[in-house]
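Listed below are the residues making up each chain.
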Amino acid sequence: MNGSEAIVKALLEEKVEHIFGFPGGAVMPLYDEFLKHQGELRHILVRHEQGAAHAADAYARVTGKAGICIATSGPGATNLVTGIMNAYMDSSPVIAFAGQVPTSLIGNDAFQESDMMGITLPITKHNFQIRDANKISSTIKKAFTIALNGRPGPVYIDLPKDVQTNEVSAEEKDTHIAGFKPVTAGHPVQIKKAAEMILNAKQPVIIAGGGILWANACPELQQLVEAFSIPITATFMGKSCFPEEHPLYLGVLGMHGRKAANYAVANSDLLIAIGCRFSDRITGNLQTFAKKSKIIHIDIDSAEIGKNVGVDLPIVGDAKNVLQQLNQMLKKMAVKKKNIKWAEKMKRFIQECDCSIDVKGNPIDPRKLVFELGKVLKEQDIVTTGVGQQQMFAAHFLKRSKPHTFISSGGAGTMGFGLPASIGAKVAAPDVQVFDFDGDGSFAMTQQELATAKEENIKVIAVIMNNAYLGMVRQWAELFFDRRYSAVHLKRTPDFAKVAEAYRLKGIRVERDSEIGAALREAYKSDEAVVLDVIVKEEANILPMFTAGANTTDMFGGCIKIKGKLF
């Protein structure tokens, strides 16, 4: 058995079924081996390595398994970097392989050599360079263990070309990882304290982060909310972890979140934060964030607790396990009725914040596009997004009720994420419809992946909110730079419907609000990928919002006109 055979064997032992990649000289031995396993491993040929990383990322988010991407050495490997960083910021278990020059040439600036160990060190949970074919199996096993256990995250593996062809003579069996012992259960003393704090709180609020989704803790979360009528908000990465039509759901929190969510957090006396990292987009001004609240912070990564916001009670552990413990403890201790007064106040606030988005008229209002998309979507369908205004319109107004049905780039804010992510999501869930809700600027960055969708027969629906601008940058320029628009006007180039046709796919251009529904339904019924180029208002803003570093209660715009009306 040579190194390439050992790599494939190790992947099959980890039950890998799909790989997203782009070949090159430094990985030709491995790709040659793939030919022998076409019935076991499906390789999806992307058109750019960044697309492979994003597709693997979304695949991981849908399945909960590690997403696999592969590139060649040098520029092929460095093209993975943006996608690896995106996965790192959003805690996605991606395992990225890239070829490397032969071990005898490492460090000599050989053709297509790049120091991927140095480059990926700050954006991975761990990275490996395999210099001995005997260590291939054990290294890959360790990579899967690290990526999937504790806080999920990406792992990079450097594959020198000679290691792929060398014989495996004495396979290493040791897969122990020194110092890697994630804490998965909450400490019983802390659990009891948390239960007491919840029972004594008069105005509690739950902040649900992406950790809920990674831990598959949605049922336990809903049990806690409903048992004690606790209003709940989600971070952007937590969207879809809780049914968004639920009367206690406040909406997404933060800079482009809902006033109801931000004001509730600001006026709570207890925050129960689960699987979130208190990023600047949530907190705004750290000096004023949740100053009336005691804070319980539950997270599997101890480094996140207290990093940005001081907490009163830390609990380290897996969200599912900790919530199970907490629910059991509360069931034993509960001696009072649900907190109906606070819950009813929040329900009224939620209703006041819930604006109608069926905004008729032309040019098309982006909210109308979201409204029509919401009518077509089934609850199990998946929406991915690019990054920009369309991302925030979707987060704010598009309601999802099932976990893992909203996939977007949070921590990195990576433009171009939407289309390749939709491809990865569709490969992961072939029986549901997958929509990429995108912007013209973001879509253009990775539009070449339409070829992947065509040639690999992966049916996705790209809905482009085409406002002829880099919309979010334009919005900030309008609001904070006196409308001095510098290098943000994309105009109407290209015609994305015609771009789709160039890839031998269906392209539909939508210019009137009356055409949106029919176009979406046509795309839904199609057997192949479809691109909807929807021409919307050029200067429509996504509101409400607060500015960077501002107080979360200083939001402007939106439906609630009187600041803090119910407090």
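Here the residue index of a chain counts from 1 through its sequence in written order. Totals for whole chains, interfaces and linings use all residues, but because this is a predicted model, local features are given only for residues with pLDDT of at least 70 and pairs of side-chain atoms are given and counted only at 80 or more. Side-chain metrics rest on all non-hydrogen atoms present in the structure, leaving aside hydrogens and water.

Peer 1: How would you explain the pattern of salt bridges if you had to name every residue and give the values?
Peer 2: Definition used for salt bridges: Asp or Glu carboxyl oxygen within 4 Å of a side-chain nitrogen of Lys or Arg. In this structure the tally under the stated criterion is 34 salt bridges. The salt bridge partner of Asp 354 is Arg 258, with a shortest N-O separation of 3.7 Å. On the criterion of sequence distance, the pair formed by Asp 354 in the loop between α15 (340-353) and α16 (366-376) and Arg 258 in the loop between β9 (249-252) and α12 (259-266) is long-range, its members being 96 residues apart. Throughout, exposure labels follow a simple rule: accessible area from a 1.4 Å probe, protein chains only, divided by the maximum for the residue type, with under 20% read as buried, over 50% as exposed, and the rest as partly exposed. Since its relative accessible area comes to 7%, Arg 258 is described here as buried. The residue Glu 379 makes a salt bridge to Lys 402 at a minimum N-O spacing of 3.8 Å. Here Glu 379 is found in the loop between α16 and β13 (382-385), whereas its partner Lys 402 is found in the loop between α17 (389-397) and β14 (406-407), with 23 residues between them in sequence. Through salt bridges with shared partners, one network takes in Asp 358, Lys 360, Lys 368, Glu 372 and Lys 375. Working definition: helices are DSSP H or I runs of at least four residues, strands are E runs of at least two. Numbering for both runs from the N terminus.

Peer 1: Describe the domain arrangement of the protein, and please don't skip the residues or the numbers.
Peer 2: Segment limits for the domains were obtained from an automatic or database-derived domain assignment. Per the domain assignment, the segments of the protein are domain 1 (3-165), domain 2 (188-352) and domain 3 (366-535). Between domain 2 and domain 3, the C-alpha centre-to-centre distance is 31 Å. Opposite the 18 residues of domain 2 that make contact, domain 3 presents 22 residues. We define buried area as the total accessible area lost by two parts upon association, computed with a 1.4 Å probe and summed across both. Buried surface at the junction of domain 2 and domain 3, summed over both partners, amounts to about 1,600 Å²; 62% is from carbon and sulfur atoms. The largest contributions to the domain 2 side of the interface with domain 3 come from Phe 236, Lys 239 and His 256, which together make up 39% of the buried area. On the surface where domain 2 and domain 3 come into contact, there are one salt bridge. In this structure, Glu 245 engages Lys 399 in a salt bridge whose closest nitrogen and oxygen atoms are separated by 3.9 Å. Polar contact is the term for a pair of N or O atoms within 3.5 Å; when the atoms are in protein, one must be able to donate a hydrogen and the other to accept it, and sequence-neighboring residues count only if both atoms are side-chain atoms. Counting across the interface, domain 2 meets domain 3 through seven residue pairs in polar contact (both at pLDDT 80 or more). Among the residues making up the side of domain 2 that touches domain 3, the classes are represented as eight nonpolar, four polar and six charged. Note on definitions: a residue-residue contact is assigned when non-hydrogen atoms from the two residues lie within 4.5 Å. All residues other than Ala, Val, Leu, Ile, Met, Phe, Trp, Tyr, Cys, Pro, Asp, Glu, Lys and Arg, Gly among them, are scored as polar; the first ten of these are nonpolar and the last four charged.

Peer 1: Give me the sheet that holds strand β10 (residues 270-274): which residues, what numbers.
Peer 2: Two strands pair if DSSP finds at least two bridges between them. One open sheet holds the six strands; their spatial order is β9-β8-β7-β10-β11-β12, and the pairing between them is parallel. At either margin of the open sheet sits one strand with a lone partner, and together these are β9 and β12 (313-316). Pairwise comparison of adjacent strand axes, ignoring direction, gives a mean angle of 15° for this sheet. Two strands pair when backbone bridges link them, and β10 and strand β11 (residues 294-299) are joined in this way by five bridges, in the parallel orientation. By the bridge assignment for β11, Leu 271 is matched with Ile 295. Angular values range over 0 to 180 degrees, each being the angle between N-to-C directions of two axes fitted as lines to C-alpha atoms, with helices fitted over their stretch in contact.

Peer 1: Hey, could you go over empty space enclosed by the protein for me, with residue numbers and the actual values?
Peer 2: Remark: the empty space left among the atoms is shown by a probe the size of a water molecule rolled over them. Cavity means a closed set of points on a 1 Å grid over the protein atoms alone, one where a 1.4 Å probe fits but cannot get out, pocket means an open set with protein on both sides within 12 Å along at least 5 of 7 lines, and lining means a residue has an atom within 4 Å of a point. Grid points are joined across faces, edges and corners, and a volume is the space filled by probe spheres set on the points. Going through the model one piece at a time under the given rule, you end up with two cavities of 30 Å³ or more. A volume near 160 Å³ is recorded for the largest cavity. Forming the boundary of the largest cavity are Arg 61, Gly 210, Leu 213, Trp 214, Phe 236, Met 237, Lys 239, His 404, Phe 406, Ile 407 and Ser 408. At the level of secondary structure, the elements contributing two or more residues to the lining of the largest cavity comprise α10 (210-214) and β14. With three residues, the single largest contributor to the lining of the largest cavity is α10. The residue inventory of the lining of the largest cavity, partitioned by class, reads six nonpolar, three polar and two charged. Both of domain 2 (188-352) and domain 3 (366-535) provide at least three residues apiece to the lining of the largest cavity.

Peer 1: Please give an account of the nonpolar core that cites residues and values.
Peer 2: Remark: nonpolar core denotes a set of buried residues (Ala, Val, Leu, Ile, Met, Phe, Trp, Tyr, Cys) joined through side-chain atoms within 4.5 Å. In this structure, Phe 20, Cys 69, Leu 80, Ile 382, Phe 443 and Val 531 are the most contacted members of the largest nonpolar core, which totals 47 residues. Sorting the residues of this core by element identifies α3 (49-63), β3 (67-71), α5 (81-89), β4 (94-100), α18 (418-428), α20 (450-455), β16 (461-466) and α22 (496-502) as the ones contributing at least two each. For this core, the element with the highest residue contribution is α3, accounting for seven residues. Per-domain counts for this core show at least three residues from each of domain 1 (3-165) and domain 3 (366-535). Not counting chain neighbours up to four residues away, the residues in contact with Leu 80 comprise Glu 49, Ala 53, Cys 69, Ala 71, Ala 96, Phe 97 and Ala 98. Residues Ala 201, Leu 248, Ile 272 and Leu 323 belong to the second largest nonpolar core, which totals 39 residues.

Peer 1: Provide a residue-level description of the sheet that holds strand β1 (residues 18-21), including the pertinent values.
Peer 2: Pairing is parallel in the open sheet, where six strands are placed in the order β2-β1-β3-β4-β6-β5. The open sheet has two edge strands, β2 (42-45) and β5 (126-129), and neither has a second partner. Direction aside, the axes of adjacent strands within the sheet are offset by 20° on average. Relative to strand β6 (residues 155-160), β5 runs parallel, the two sharing four bridges. Of the residues in β6, the one forming a bridge with Gln 129 is Asp 158. This element, α3, spans β1, β3 and β4 of the sheet and lies at about 170° to β3.

Peer 1: Can you tell me about α5, naming the residues and giving the values?
Peer 2: All of the buried residues in α5 are Val 81, Gly 83, Ile 84, Asn 86 and Ala 87. One or two residues past the end of α5 sits Ser 91, with phi positive at roughly 55°.

Peer 1: Explain the packing of aromatic side chains residue by residue, including any values.
Peer 2: Stacked, edge-to-face and tilted labels apply to pairs of Phe, Tyr and Trp rings (six-membered ring for Trp) whose centres lie within 6.5 Å, assigned for plane angles under 30 degrees, over 60, and everything in between, in that order. Throughout the structure, instances matching the rule amount to 11 aromatic pairs. Geometrically, the ring pair formed by Phe 20 and Tyr 59 is edge-to-face, given 5.9 Å between the ring centres and 70° between the ring planes. On the criterion of sequence distance, the pair formed by Phe 20 in strand β1 and Tyr 59 in helix α3 is long-range, its members being 39 residues apart. Considered together, Phe 20 and Tyr 59 belong to a single accessibility category, that of buried residues. Ring centres of Tyr 263 and Phe 349 lie 5.9 Å apart, and the angle between their planes is 15°; this geometry places the pair in the stacked category. In this pair, Tyr 263 is assigned in helix α12 and Phe 349 in helix α15, connecting sequence segments 86 residues apart. With relative accessibility at 0%, the residue Phe 349 sits in the buried group. We note Lys 239 situated over the ring of Phe 406; from NZ or CZ to the ring centre the distance is 5.3 Å. The ring of Tyr 469 has Arg 474 lying over it, and the distance from NZ or CZ to the ring centre is 5.9 Å. Look at NZ for Lys and CZ for Arg. If either is within 6 Å of the ring centre and within 35 degrees of the ring normal, a charge sits over the ring.

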